Amino acid sequence: MANAYLQGVEISASQFLDIFHHYDNDGNGYIEGKELQNFIKELQQARKQAGLELTDQMRAFVEEYEKNADGKIDIIELVQILPTEENFLLFFRQQLKSCTEFMENFLRDLLQRAKKPYDEKKLEEYTLTTLKIFDSNNDGKLCLSEMARLLPDQENFLLKFQGVKMARKEFNKIFELYDKDRNGYMDENELDALLKGLCEKNKKVLEVSKIPIYKKAIMALSDGGKLYRTELALVLCEDM
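Residues numbered from 1 in each chain as written. Predicted model: local features only at pLDDT ≥ 70, side-chain atom pairs only at ≥ 80, totals over all residues. Heavy atoms only, no water.

Per an unreviewed UniProt entry, the chain carries the name Calbindin and comes from Pygocentrus nattereri. According to the UniProt record, the Function (unreviewed entry) comment for the chain is "Buffers cytosolic calcium. May stimulate a membrane Ca(2+)-ATPase and a 3',5'-cyclic nucleotide phosphodiesterase." Turning to the chain, the UniProt annotation filed under Sequence similarities (unreviewed entry) states: "Belongs to the calbindin family." (UniProt positions renumbered as here; feature names shortened; annotations may be inferred.)

Looking at helix H13 (residues 211–219), one finds that the buried residues are Ile211, Tyr214, Lys215, Ile218 and Met219. When H13 is viewed along its axis, its buried side chains cluster within an angular range of 120 degrees and face the same direction. Among the exposed residues of H13, those pointing more than 90 degrees away from its buried face are Pro212, Ile213 and Lys216. (Buried < 20%, exposed > 50% of the residue type's maximum accessible area, 1.4 Å probe, protein only. Helix = DSSP H or I, 4+ residues; strand = E, 2+ residues; numbered from the N terminus. Arc of directions from axis to C-beta.)

Moving on to unusual backbone geometry. For Arg182, which is not glycine, the phi dihedral falls at a positive 55 degrees. Within the fold, Arg182 resides in the loop between helix H11 (168–178) and strand S3 (185–186). The exposure class of Arg182 is exposed, given its relative accessible area of 58%.

Now for H11. Buried within H11 are the following residues: Arg168, Phe171, Asn172, Phe175 and Tyr178. What you see down the axis of H11 is that its buried residues fit within an arc of 140 degrees, all on one side. Exposed residues lying more than 90 degrees from the buried face of H11 are Lys169 and Lys173. Contact partners of the buried residues in H11: S3, helix H12 (188–201), strand S4 (227–228) and helix H14 (229–236). (Contact = heavy atoms within 4.5 Å.)

Its place among the elements puts Asp18 in helix H2 (residues 13–23). Note on Asp18: relative accessible area 14%, which makes it buried. Through-space distance from the C-alpha of Asp18 to that of Tyr5 is 8.9 Å; in sequence the pair is 13 residues apart. Among all residues touching Asp18, those that are not within four sequence positions of it are Tyr5, Asp223, Lys226 and Tyr228.

With that settled, the discussion passes to the packing of aromatic side chains. On inspection of all chains with the given rule, the structure shows 4 aromatic pairs. Seen from their ring centres, Phe171 and Phe175 are 6.2 Å apart, and the 45 degrees between their planes marks the pair as tilted. You can see Phe171 and its partner Phe175 sitting in helix H11, 4 residues apart, about one turn around the helix. Each residue in the set Tyr23, Phe39 and Phe61 is aromatic and connected to the rest through ring pairs, giving one cluster. We note Lys72 situated over the ring of Tyr30; from NZ or CZ to the ring centre the distance is 4.1 Å. (Phe/Tyr/Trp six-rings, centres within 6.5 Å; stacked < 30°, edge-to-face > 60°. Lys NZ or Arg CZ within 6 Å of the ring centre and 35° of its normal.)

Structure follows, in structure tokens:
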């Protein structure tokens, strides 16, 4: 499937995500080592099969890799290489460029919905204060676990899962155990089995009766019903 997508003149947003997840085998958020080697090899083969030359961005990337085989790329860097839909490319370049900008837009929307009066100076103050409060590791970014603290406790399934988070090695074993068909992602049935196992093991933290709520919330992170390792790691992996 990834090979067919790489042959396209233009790659859609969903195809792009499938490509990234396909090559990010260990789900650590990077294509590196053997993953990167395979990506470059299959990219060159796919373009040749489609009768297409490498784009300037692809050629520059391949040349850079040949100079430094220890390199790695994340999802933001990959979008600069592949011939992605223009709207999707602009989304990455413009909308994900600033955590402060995201928080400012988030707070503006909340204030408007609540019909609370505000001015730009007050909004800036709210934004900086909120980031200081919730950016617990002071890295200038908000990860999912930090943003979870913004939600009401009684509705916040993410805080529940803080007590069952696991090391990356253990998480990978769990993912491979419940990914029964070995297709690299979990469907609702596989996630249901995983949640039942977690609830059984962590009765003091998670409630079996709330599995449908947990499942619905976690599947909201999926790509069209495909819950990849990277998305599930946001909820269960302690180093995310």
